[in-house]
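Here are the chains, one letter per residue:
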Amino acid sequence: MNDTKLMSVKTVYKQLIEAWNSRNADGMASLFTEDGESIGFDGSLAKGPKEIFAHLNPIFKDHPTAPFVTKVKDIRFLDNKAVILRAIAGMVPPGASDIKQEVNTHHTLILVHNDKGWQIELFQNTPAQFHGRPELVEQFTNELRELL
């Protein structure tokens, strides 16, 4: 795929992360298609921009959410109008200076191109716990620490 499409897809992910980091529920929700789904770290499911906003807004109002540190690992175009983006992410809690390993996550996005440009059809957070394999947790965290 051409560099313009690649950059456009990366920009949507960057906007999603910037919206989370600035605790902007409307900014996050506006990036989704009308049928777009967000699956949170805890497994919660929100469908469509209105429901995604309604889910995130109280979280941002009532909790000091930690900002993400992210690294895009793969972008794979399925065709000219559909793409999968996979990234790794960690969080630095408010007042801390290091990544909290317990909340490391894989981000998986499916984006589609429509008359509004690239939009998120699915955003899924999968905990990166690596049960019984602490060396993988450390490797994952160290990769993100390089970005701090």
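Residues numbered from 1 in each chain as written. Predicted model: local features only at pLDDT ≥ 70, side-chain atom pairs only at ≥ 80, totals over all residues. Heavy atoms only, no water.

Now, about the packing of aromatic side chains: what can you tell me, with residues and values included?
Here the structure, examined in full by the defined rule, presents four aromatic pairs. When the ring of Phe 77 is compared with that of Trp 118, the centres are 6.0 Å apart and the planes differ by 75°; the resulting orientation is edge-to-face. Remark: Trp 118 occurs in strand S6 (residues 117-127) and Phe 77 occurs in strand S3 (residues 68-79); sequence separation between them is 41 residues. Judged by its relative accessible area of 18%, Phe 77 falls in the buried class. Through successive ring pairs, a cluster of aromatic residues spans Trp 20, Phe 60 and Phe 68. (Phe/Tyr/Trp six-rings, centres within 6.5 Å; stacked < 30°, edge-to-face > 60°. Helix = DSSP H or I, 4+ residues; strand = E, 2+ residues; numbered from the N terminus. Buried < 20%, exposed > 50% of the residue type's maximum accessible area, 1.4 Å probe, protein only.)

An account of the nonpolar core is requested, with residue identities and associated values reported.
For soluble globular proteins, the rule of thumb is that nonpolar side chains tend to be buried together. Judged by nonpolar contacts, the single largest core of 31 residues is most densely connected at Val 9, Leu 16, Met 28, Leu 85, Leu 109, Leu 111 and Ile 120. Secondary-structure elements contributing two or more residues to this core are helix H1 (3-21), helix H2 (25-29), helix H3 (48-62), S3, strand S4 (82-91), strand S5 (105-114) and S6. Looking at this core, the element that brings in the most residues is H1, giving seven residues. Setting aside chain neighbours within four positions, we find Leu 16 in contact with Met 28, Leu 31, Phe 32, Leu 109, Ile 120 and Phe 123. Residues Val 92, Ala 128, Phe 140 and Leu 144 belong to the second largest nonpolar core, which totals seven residues. (Core = buried A, V, L, I, M, F, W, Y, C linked by side-chain atoms within 4.5 Å. Contact = heavy atoms within 4.5 Å.)

So what's going on with the pairing of S4? Residues and values would help.
With eight of its 10 residues buried, S4 lies for the most part within the structure. Bridge count for S3 against S4 is 10 bridges, and the pairing is antiparallel. Counterpart to Val 72 in the pairing with S4 is Ala 87. (Pairing = 2+ DSSP bridges.)

An account of unusual backbone geometry is needed here, citing residue identities and associated values.
One non-glycine residue, Arg 23, lies in the positive phi region at around 55°. Locating Arg 23 in the fold gives a position in the loop between H1 and H2. A residue is classified by how much of its surface remains accessible, and Arg 23, at 34% relative accessible area, is partly exposed. Despite not being glycine, Phe 130 has its phi angle at roughly 50°, a positive value. Here Phe 130 lies in the loop between S6 and helix H4 (134-145).

I'd love a proper account of the sheet that holds S5, names of residues and values included.
Within the open sheet, the six strands sit side by side as S2-S1-S6-S5-S4-S3. Their pairing is mixed. In this open sheet, the two edge strands, each paired with only one partner strand, are strand S2 (45-47) and S3. Each neighbouring strand pair of the sheet contributes to a mean axis angle of 15°, computed without reference to strand direction. Across the sheet, H1 is in contact with strand S1 (32-39), S3, S4, S5 and S6; its angle to S3 comes to roughly 145°. Here H3 sits on the sheet and contacts S1 and S2; the angle it forms with S1, its principal contact strand, is near 40°. (Axes fitted to C-alpha atoms, helices over the stretch in contact; angles between N-to-C directions.)

Summarise H3; cite the residues concerned and give the values.
Its 15 residues place the ends of H3 22 Å apart at the C-alpha level, agreeing with the 21 Å of an ideal helix rising 1.5 Å per residue. Of the positions making up H3, those classed as buried are Gly 48, Pro 49, Ile 52, Leu 56 and Phe 60. Check the buried side of H3 and you find it contacts H1, H2, S1 and S2. (Expected span 1.5 Å × (residues − 1).)

Residue-level account of the layout of surface pockets, with values.
Roughly 560 Å³ of internal volume is contained in the largest pocket. Every residue lining the largest pocket is counted, 24 residues in all, and those nearest its centre are Trp 20, Phe 41, Thr 65, Phe 68 and Met 91. For the lining of the largest pocket, the secondary structure elements donating two or more residues are S1, H3 and S6. Split into classes, the residues belonging to the lining of the largest pocket amount to 14 nonpolar, eight polar and two charged. (1 Å grid on protein atoms, 1.4 Å probe; cavity = no way out; pocket = protein on both sides within 12 Å on 5 of 7 lines; lining within 4 Å. Points joined across faces, edges and corners; volume = space filled by probe spheres on them. Nonpolar A, V, L, I, M, F, W, Y, C, P; charged D, E, K, R; others polar.)

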